Amino acid sequence: MSSQLSQPTLQQRLMIMTVIWFALIMGVVTFGVIVVFIGIEQKPGDGLPLITYVGMGMAALMLVLRLIIPDLVARRQFALAMQTVKTEGIDDEEQMLGTFYQIFMVRLIIGMALLEGAAMLNLIAVMAENQKLAFVPVAILLLVMIASVPTKSKLDGWIRTQMENYSLENQN
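In short, a report on the structure. (Residues numbered from 1 in each chain as written. Predicted model: local features only at pLDDT ≥ 70, side-chain atom pairs only at ≥ 80, totals over all residues. Heavy atoms only, no water.)

**Quick notes on helix α2 (residues 50-88)**
- An ideal rise of 1.5 Å per residue puts 57 Å on 39 residues; α2 measures up with 54 Å between its terminal C-alpha atoms.
- Along its length, α2 shows its largest kink, about 40 degrees, at Leu 65.
- For α2, the set of buried residues is Thr 52, Gly 55, Ala 59, Met 62, Pro 70, Ala 74, Phe 78, Ala 81, Met 82 and Val 85.
- Looking at the buried side of α2, the elements it contacts are α3 (93-129), α4 (135-147) and α5 (152-169).
- Phi for Gly 89, located one or two positions after α2, is positive at around 60 degrees. (Helix = DSSP H or I, 4+ residues; strand = E, 2+ residues; numbered from the N terminus. Expected span 1.5 Å × (residues − 1). Bend = angle between axes of the 7 residues up to and from the residue. Buried < 20%, exposed > 50% of the residue type's maximum accessible area, 1.4 Å probe, protein only. Contact = heavy atoms within 4.5 Å.)

Next comes the structure, spelled out in structure tokens:
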């Protein structure tokens, strides 16, 4: 006797994305608070703040890669999902939307993880080199992360755009 778990509804999937989005932001904020309370009182070192410069460079790189990598992954997954829909003749709109929401979630997680990693590196630079300058990229990265909040309108717009792109790419 096998009991099959029910698939989450579209609203539940959106809630899951929101929880993931919030958790990734809170990780950066929490670590930032810890960094501030641990040792911001010390003077910056006399040497070259190498970690700070590397962190700032990584922040810029991750901001650019966030625009490229998640969309590449999502576009490929979307094309595979559409091929599956065509070959298996899936007509269940709820199932198709669930798959598209799942692809959007993967895209969200990849983009947020890129930004979170760069933010954490800059917070480590603050801890290691006591350079307050490293808070600037952290603030920028956090603002971009906050602006990435998953909403129903963003999801619907993204799905619509993907459908249009897929139709244009596969016109025969």
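**Side note on the packing of α3 against α4**
- Their axes nearest at 9 Å, the elements α3 and α4 cross at an angle of 160 degrees. Judged on the interaxial angle alone, α4 and α3 are roughly antiparallel. The way α3 lies across α4 gives a crossing that is left-handed. Touching Met 112, Leu 115, Glu 116, Ala 118, Ala 119, Asn 122, Leu 123 and Val 126 of α3 are Phe 135, Pro 137, Val 138, Leu 141, Val 144 and Met 145, all from α4.
- Among the residues forming the contact of α3 with α4, the class breakdown is 12 nonpolar, one polar and one charged. (Axes fitted to C-alpha atoms, helices over the stretch in contact; angles between N-to-C directions. Parallel < 35°, antiparallel > 145°, perpendicular 65-115°, else oblique. Left-handed = near helix turned anticlockwise from the far one by under 90°. Nonpolar A, V, L, I, M, F, W, Y, C, P; charged D, E, K, R; others polar.)

**Comments concerning the environment of Thr 52**
- On the secondary structure map, Thr 52 appears in helix α2.
- Owing to a relative accessible area of 1%, Thr 52 belongs among the buried residues under this scheme.
- In sequence terms Thr 52 and Leu 123 are 71 residues apart; their C-alpha atoms lie 8.9 Å from each other.
- Those residues in contact with Thr 52 that sit more than four places away from it in its chain are Asn 122, Ala 125, Glu 129, Gln 131 and Ala 134.

**With respect to the side chain of Glu 116**
- By secondary structure assignment, the location of Glu 116 is in helix α3.
- Among buried Asp, Glu, Lys and Arg side chains, Glu 116 stands out as unpaired, with Arg 66 the closest opposite charge at 12 Å. (Lys, Arg positive; Asp, Glu negative; His and termini not counted. Salt bridge = Lys/Arg side-chain N within 4 Å of Asp/Glu carboxyl O.)

**Observations regarding α4**
- Counted at 1.5 Å a residue, the expected span for α4 with its 13 residues is 18 Å, and the 18 Å between its end C-alpha atoms agrees.
- Within α4, the full set of buried residues consists of Pro 137, Val 138, Leu 141, Leu 142 and Met 145. The arc that holds the buried residues of α4, viewed along the axis, is 135 degrees, so those residues lie on one side. Exposed residues lying more than 90 degrees from the buried face of α4 are Leu 143 and Ala 147. (Arc of directions from axis to C-beta.)

**Quick look at a negative patch on the surface**
- On the surface, a cluster of negative charge is made up of Asp 91, Asp 92, Glu 93 and Glu 94.
- Summarising the element assignment, Glu 94 is placed in helix α3.
- Overall, Glu 94 belongs to the partly exposed group, its relative accessible area being 45%. (Patch = residues over 30% accessible without salt bridge, like charges linked within 9 Å, V, L, I, M, F, W, Y side chains within 5 Å. Areas by Shrake-Rupley, 256 points an atom, 1.4 Å probe, with all protein chains shown as cover. Charge placed at Lys NZ, Arg CZ, Asp CG, Glu CD.)

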